Amino acid sequence: MPKLLRRLAGPRAMTCPAALAGALALFGIAGCTEPQRQAQPAFYRDLGSSTARVDAEQARAMISAYRMNAGLGALALDPALDAAAQREAAMMARSDKPAQADAVKARLAGAGIPGAEANLSAGYRRLAEAFSGWRDSPQHDRVMKDAKAKRMGIATAYAPGSKYQVYWALIVAP
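Treat the numbers as computed from the prediction; the structure is a model and nothing was measured.

Thresholds applied
Residues numbered from 1 in each chain as written. Predicted model: local features only at pLDDT ≥ 70, side-chain atom pairs only at ≥ 80, totals over all residues. Heavy atoms only, no water. Pairing = 2+ DSSP bridges. Helix = DSSP H or I, 4+ residues; strand = E, 2+ residues; numbered from the N terminus. Contact = heavy atoms within 4.5 Å. Axes fitted to C-alpha atoms, helices over the stretch in contact; angles between N-to-C directions. Buried < 20%, exposed > 50% of the residue type's maximum accessible area, 1.4 Å probe, protein only. Phe/Tyr/Trp six-rings, centres within 6.5 Å; stacked < 30°, edge-to-face > 60°.

### Describing the sheet that holds strand 1 (residues 76-77)
Strands belonging to one sheet form pairs held by backbone hydrogen bonds; the direction of such a pair is parallel or antiparallel. Pairing is mixed across the open sheet formed by four strands, whose spatial order is 1-3-4-2. Strand pairing shows two members of the sheet lacking a second neighbour, strand 1 and strand 2 (117-122), which therefore form its edges. Pairing of strand 1 with strand 3 (residues 151-158) involves two bridges; the strand directions are parallel. Looking at strand 3, one finds that Leu77 is bridged to Met152. On top of the sheet, helix 3 (residues 56-69) reaches strand 1, strand 3 and strand 4 (166-173); it is set at about 130° to strand 3, its chief contact. Helix-sheet contacts for helix 5 (residues 101-110) involve strand 2 and strand 4, and the interaxial angle to strand 2 is about 135°.

Rendered as structure tokens:
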């Protein structure tokens, strides 16, 4: 940037407000762009639509950090558990009620996934809300802190006309 423009623009010149961009254009100087807006973090994204999907990697990172703070190991995403979680979330959305964890664990064991644990819930519209709800519930917190767990799958399903609208399934397994 020429010395004169630097002096006129002052220390805020590097942020390139619209007026400065126009002044630079008058002098034929290009390359100044407006700062890009940061996208909303995935854990705050509203999942209340048919096209919305929970960010499984963000969920894994959040739950793993929570586990590591408790002296437990991080979890790995598992495609088979993701698929199972998606089936469970979709079934809950179709029936308009959360499933029973024992029934889900029995289905998983029958499908060759013994020792799995599940958090099944409904009504949370954001990952941050679901995580906080699970953390604050002793039963759900126990699932997230299962010491045997090494892998996980997570999914949501949306049912617009239902009581809860967004249904959640988190499955952890050894």
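### Here's the deal with unusual backbone geometry
A positive phi angle, close to 60°, is found at Asp96, a residue other than glycine. Looking at where Asp96 falls in the secondary structure, it is placed in the loop between helix 4 (79-95) and helix 5. Given a relative accessible area of 32%, Asp96 falls into the partly exposed group. At Gln165, a position not held by glycine, the phi torsion is positive, near 70°. Among the structural elements, Gln165 can be located in the loop between strand 3 and strand 4. Given the relative accessible area of 24%, Gln165 is considered partly exposed.

### Digging into the packing of aromatic side chains
All told, the structure shown has three aromatic pairs when counted by the stated rule. Seen in terms of ring centroids, Tyr66 and Phe131 are 5.3 Å apart; in terms of plane orientation they differ by 90°. Their pairing is edge-to-face. One end of the pair, Tyr66, is in helix 3; the other, Phe131, is in helix 6 (residues 127-136), and 65 residues separate them in sequence. Judged on exposure class, the residue Tyr66 and its partner Phe131 are both buried. Ring plane angle 85° and centroid distance 6.2 Å describe the contact between Tyr164 and Tyr167, whose orientation is recorded as edge-to-face. The class for Tyr167 is buried, based on a relative accessible area of 0%.

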